[in-house]
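# Descriptive structure summary
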Amino acid sequence: MMLRRIYLQHLTLAISLVFLTLLGLQIIERQHQQDINDAIRLLQSPRLVEATEIDLTEPEVQFAYAHHLQQRGMFEYAVDAYGKAERFSSPAMLKLVYYNMGNLYLQQAIETAEKMGIDRATALADVAKDLYKSALKKDPEFWAAKYNFEAAQRLSRDLPLGDLQESGEAQESSEELWSAMPGFPLGLP
């Protein structure tokens, strides 16, 4: 009887210790998530948040910081921040990193094309297409990436070179040429 009582006391003590340990871990995890949420909330403020003001060791915070820089038009800094987020992201988050980076490059390509920097705009659109392809490899049903990939295609077509014709005559009609030209057509069809 006495042995049974000691056994029950030890068992109760062990269960209590396990329970308190799990409770402590839950409290620590909740505080950690709260810190991440606080950092993301700070990044939603209208002012520019410096990298030293937040803890960028968490991929979610790094991603939010990159988006924060993107919203403020800081292209080079945003690309760098997305690159850092890419290294630490989970596969589910990685598709969003690629998608946002693609958006960043596509936005730059459109702005460059409007300033008539066609060669640079084409190069930026090619990078955007590669990033959208990477996002689609992670999630083939990612509709927004498909849509934006098509928009990037309008700036930079992946045209086959085909066989070069020896004769100087072009056998394509002007309609076929128009449909394959990169860029956004002006006016209605």
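Look up: the structure comes first, before these words.
Rules of the game
- Residues numbered from 1 in each chain as written.
- Predicted model: local features only at pLDDT ≥ 70, side-chain atom pairs only at ≥ 80, totals over all residues.
- Heavy atoms only, no water.
- Helix = DSSP H or I, 4+ residues; strand = E, 2+ residues; numbered from the N terminus.
- Buried < 20%, exposed > 50% of the residue type's maximum accessible area, 1.4 Å probe, protein only.
- Phe/Tyr/Trp six-rings, centres within 6.5 Å; stacked < 30°, edge-to-face > 60°.
- Patch = residues over 30% accessible without salt bridge, like charges linked within 9 Å, V, L, I, M, F, W, Y side chains within 5 Å.
- Areas by Shrake-Rupley, 256 points an atom, 1.4 Å probe, with all protein chains shown as cover.
- Salt bridge = Lys/Arg side-chain N within 4 Å of Asp/Glu carboxyl O.
- Axes fitted to C-alpha atoms, helices over the stretch in contact; angles between N-to-C directions.
- Parallel < 35°, antiparallel > 145°, perpendicular 65-115°, else oblique.
- Left-handed = near helix turned anticlockwise from the far one by under 90°.
- Contact = heavy atoms within 4.5 Å.
- Nonpolar A, V, L, I, M, F, W, Y, C, P; charged D, E, K, R; others polar.

With that settled, consider unusual backbone geometry. Residue M116 is not a glycine yet carries a positive backbone phi of 70°. Within the secondary structure, M116 sits in the loop between α4 (91–114) and α5 (118–138).

A few words now on the environment of R41. Among the structural elements, R41 can be located in helix α1 (residues 2–43). Assessed through its relative accessible area of 48%, R41 is described here as partly exposed.

Within the structure shown, the criterion is met by five aromatic pairs. Relative to Y105, the ring of F75 lies with its centre 5.3 Å away and its plane at 85°, an arrangement referred to as edge-to-face. A residue pair is termed long-range when its members are at least 10 positions apart, and F75 in helix α3 (residues 75–88) and Y105 in helix α4 qualify at 30 residues. Across this residue pair, the class does not change: F75 and Y105 are buried. Look at Y99 and Y132: their rings are 6.1 Å apart centre to centre, the planes differ by 50°, and that puts the pair in the tilted class. With Y99 in helix α4 and Y132 in helix α5, this pair connects stretches of sequence that are 33 residues apart. Of the two residues examined, Y99 and Y132, each falls in the buried class. Members of the aromatic cluster, connected to one another through ring pairs, are Y99, Y132 and F142.

In this section: a nonpolar patch on the surface. A surface patch of nonpolar side chains, about 420 Å² in accessible area, is lined by Y7, L8, L11 and I15. Among the structural elements, L8 can be located in helix α1.

Turning our attention to the packing of α4 against helix α6 (residues 143–155). It is the contact of α4 with α6, at a shortest axis distance of 11 Å, that shows an interaxial angle of 25°. In terms of axis orientation, α4 runs roughly parallel to α6. By crossing handedness, the relation of α4 to α6 is classed as left-handed. For the pair α4 and α6, contact is made by Y99, N103, L106, A109, I110 and A113 and by A144, A145, N148, A151, A152 and L155, respectively. Class assignment for the residues of the contact of α4 with α6 results in 10 nonpolar, two polar and no charged.

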